[in-house]
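# Coordinate analysis (summary)
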Amino acid sequence: MTLISEPPATDAPRSPGITYQQLLDTDSRPENVPDVLRWQNCQFLGDEDIPVSRYTSREFHELEKHKLWNRVWQMACRADDIPEIGDSLVYEICDQSILVVRSGTDEIKAYYNSCLHRGRQLREHDGNATELRCPFHGFCWNLDGSLKQVPCEWDFPHIDKAEWGLPELRVGTWGGFVFVNMDPNCEPLEAFIGNLPEHFQKWPLENRYKSVHVARLFPTNWKVVQEAFMEAFHVVATHPQLLAGIGDANSQYDWEGNFSRAITPNGTPSPHISFVPTEQEMFDAVSDRRLDQAPYIVLTEGMTARSVTGNGARMNLRKSIGDAADELSDAEMSESIYYTLFPNFHPWGAYNRITYRFRPYGDNHEMSIMECMFLEPYDTAKPKPANVPIHWLGIDDDWTEAPELGLLARVFNQDSFNLPKVQIGLRSTKKPGVTLANYQEIKLRHFHHLLSDWITRP
Ligand code: FES
Ligand SMILES: [Fe+2]
């Protein structure tokens, strides 16, 4: 499919200031701007309030468990989290424990993590094994799920060994990620993700390794956390230090099928500020929020924040992706391009490295896990560096306790400060719904639109 640019209806209200498409016209490498950044698709999805009970009620959590999580494609891990045959990883969603196993060089399987004898979890930790043996009484399965051994087999004449393979989930892969689905009749992953792969064609996610993986617990519903990372509307109040160099309210939002996208431009002033910042001031604001620690750079006549950011980032990227770095525009090097694949997977576009995942913590509707991963490009002529293990942070921890997040930790602290208070406020409100902005919160609207569809399916 060709990416078609569909401008918004001319009467749709938008923020004062330069539009994202106008900003793209100023790129110092206009020939490098990819079609995906020219793509616009943002139809109105209604303006009804979103019921508060979606965030606070146990009943709604049960609905999500049965109608959403038990049937939807969800990202379980990176394929290279389990690089060797026999590697396995425990993926947990609500009350379900799932074992993702590398059963062959090019084969990954996912099983319900439960022994067919008396139900013990087969494995509680990630690791490598040549077989899947239950620690309780020793029933054992091969990596491909077939039954290998029954202890005291004479006592189980009623077991048909051929019928005792481990029940499997559907497995799919895209961009180096492994997705699983508990619904045997689900649509193929390829159909579910639709045109998303086309968006990432220029920025392949499979040629990356995981250099950072931080997970933190929140005392909130998972959607409260997720939705704080799906719009730039909160920047003016939550991250005011960024305003000199971020086009927060001039972000562009789009959606299609099961995914949505926001592009928040950097190196351009917020329409909220009342002064005209210099290129240096914009650059400083941008550098402050970029992840790379760089020495202070003085911009001279003719340099713009965006072109200097672009040149610096291209130079860094050259070490890993070689000449392909020269084909990247300033826009790809400067913006925050954040995708959401329903329901909870958030890969960032271009080479900003970030991927988020949000999910309930165990079976608790008022506890959640946020994960932030950095997917780093590497020189593919050399061996792929190993992925890092998860660095867990507790509810009361500060993001700066994960120094590997760099400057992002401070920004996350600002976001995180609000979230437990959102949950408290939602429990106390007498207003039955939360109200969304029509444009800047369209990604949230799109998510809830799809969620409504899933929970009302038979
Ligand atoms: S519960 Fe697994 S062998 Fe008995
Ligand atoms: Fe934020």
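Calculation criteria
- The numbers attached to residues start from 1 for each chain and follow its sequence in the written order.
- Lettering for chains starts from A, numbering for ligands starts from 1, and both go in the order in which the items are written.
- In view of the model being predicted, local features appear only for residues whose pLDDT reaches at least 70, and side-chain atom pairs are presented and counted only at 80 or more, with totals across whole chains, interfaces and linings using the full set of residues.
- In this description a helix means any DSSP run of H or I spanning at least four residues, a strand means any run of E spanning at least two, and both kinds are numbered starting from the N terminus.
- Counting other C-beta atoms within 10 Å of its own, a residue is labelled buried from 20 upward, exposed at 12 or fewer, and partly exposed in the gap between, with every C-beta atom placed from the backbone.
- Two residues qualify as being in contact provided that their C-beta atoms, derived from the backbone, are within 7 Å of each other.
- Each nonpolar core consists of buried Ala, Val, Leu, Ile, Met, Phe, Trp, Tyr and Cys residues. Their C-beta atoms, within 7 Å, join them into a set.
- Boundaries of every domain are those given by an automatic assignment or by a domain database.
- Here, any two strands with at least 2 DSSP bridges between them count as paired.
- To be clear, the arc concerns the directions from the helix axis to the C-beta atoms.

## Observations concerning the environment of Leu132
Along the polypeptide, Leu132 turns up in strand E7 (residues 132-133). Judged by C-beta crowding, with 24 C-beta atoms within 10 Å, Leu132 ranks as buried. Expressed as a C-alpha distance, the spacing of Leu132 and Glu48, which sit 84 residues apart in the sequence, is 50 Å. If we skip the residues at most four places from it in the chain, Leu132 touches Leu122, Arg123, Cys140, Trp141 and Leu143.

## With respect to the nonpolar core
The tendency in soluble globular proteins is for nonpolar side chains to be buried side by side. Of all hydrophobic cores here, the largest spans 99 residues; its most connected members are Ala76, Val100, Val178, Phe179, Val180 and Leu405. Three or more residues apiece are contributed to this core by two domains, here domain 1 (20-55 + 196-456) and domain 2 (74-185). Those residues in contact with Ala76 that sit more than four places away from it in its chain are Tyr91, Ile98, Val100, Ala110, Val178, Phe179 and Val180.

## Quick word on unusual backbone geometry
Put simply, Phe342 and Pro343 share a cis peptide bond, and its omega is 0 degrees. Looking at where Pro343 falls in the secondary structure, it is placed in the loop between strand E15 (336-341) and strand E16 (345-347). Located in the positive-phi region is Cys152, a residue other than glycine, with phi close to 50 degrees. In this structure, Cys152 sits in the loop between strand E9 (147-149) and strand E10 (168-174). Positive phi is not limited to glycine here, since Ala350 has a value of about 55 degrees. Mapped onto the fold, Ala350 is located in the loop between E16 and strand E17 (354-361).

## Section: the sheet that holds strand E8 (residues 140-141)
In space, the three strands of this open sheet follow the order E7-E8-E9, with antiparallel pairing throughout. Looking at strand neighbours, the two that pair on one side only are E7 and E9, the edges of this open sheet. Note that E8 and E9 share two bridges and pair antiparallel. Residue Cys140 lies in a different strand from E9, and its bridge partner there is Gln149.

## Quick word on the sheet that holds strand E6 (residues 127-128)
Backbone-to-backbone hydrogen bonds pair the strands of a sheet. The strands run either parallel or antiparallel. Strands sit in the order E2-E11-E10-E5-E4-E3-E6 across an open sheet of seven strands; the sheet is antiparallel. A strand with exactly one partner marks an edge of an open sheet, and here the two such strands are strand E2 (74-78) and E6. Looking at chain direction, E10 and strand E11 (residues 177-181) are connected through five bridges and run antiparallel. Looking across to E11, one finds that Thr173 is bridged to Val178.

## Here we look at the pairing of strand E14 (residues 259-264)
With six of six residues buried, E14 lies mostly within the body of the structure. On E14, burial covers both faces: Phe259, Arg261 and Ile263 on one face and Ser260, Ala262 and Thr264 on the other are all buried. In the sheet, strand E13 (residues 252-256) pairs with E14 via five bridges, with the strands oriented antiparallel. Residue pairing for E14: Glu256 is matched across the bridge by Phe259. Linking two consecutive strands that pair antiparallel, namely E13 and E14, is a turn of two residues; a positive phi of about 55 degrees is found at Gly257 within it. Alignment of E14 against E15, held across six bridges, turns out to be antiparallel. Its bridge partner lying in E15, Ile263 is registered against Ile337.

## Let's talk about the pairing of strand E12 (residues 208-218)
Note: E12 against strand E18 (residues 364-377), ten bridges, orientation antiparallel. Bridge assignment links His213 to a residue of E18, and that residue is Met373. Relative to strand E19 (residues 391-393), E12 runs parallel, the two being bridged by three bridges. Bridge pairing links Val214 to His391 in E19.

## Topic: helix H4 (residues 58-69)
Buried residues of H4: His61, Glu64, Leu68 and Trp69, and no others. One side of H4 carries all its buried residues, which in axial view fall inside an arc of 75 degrees. Residues of H4 that are exposed and point over 90 degrees away from its buried face: Glu59 and His66. Residues of H4 that are buried sit in contact with strand E3 (87-93), E18 and helix H13 (442-456).

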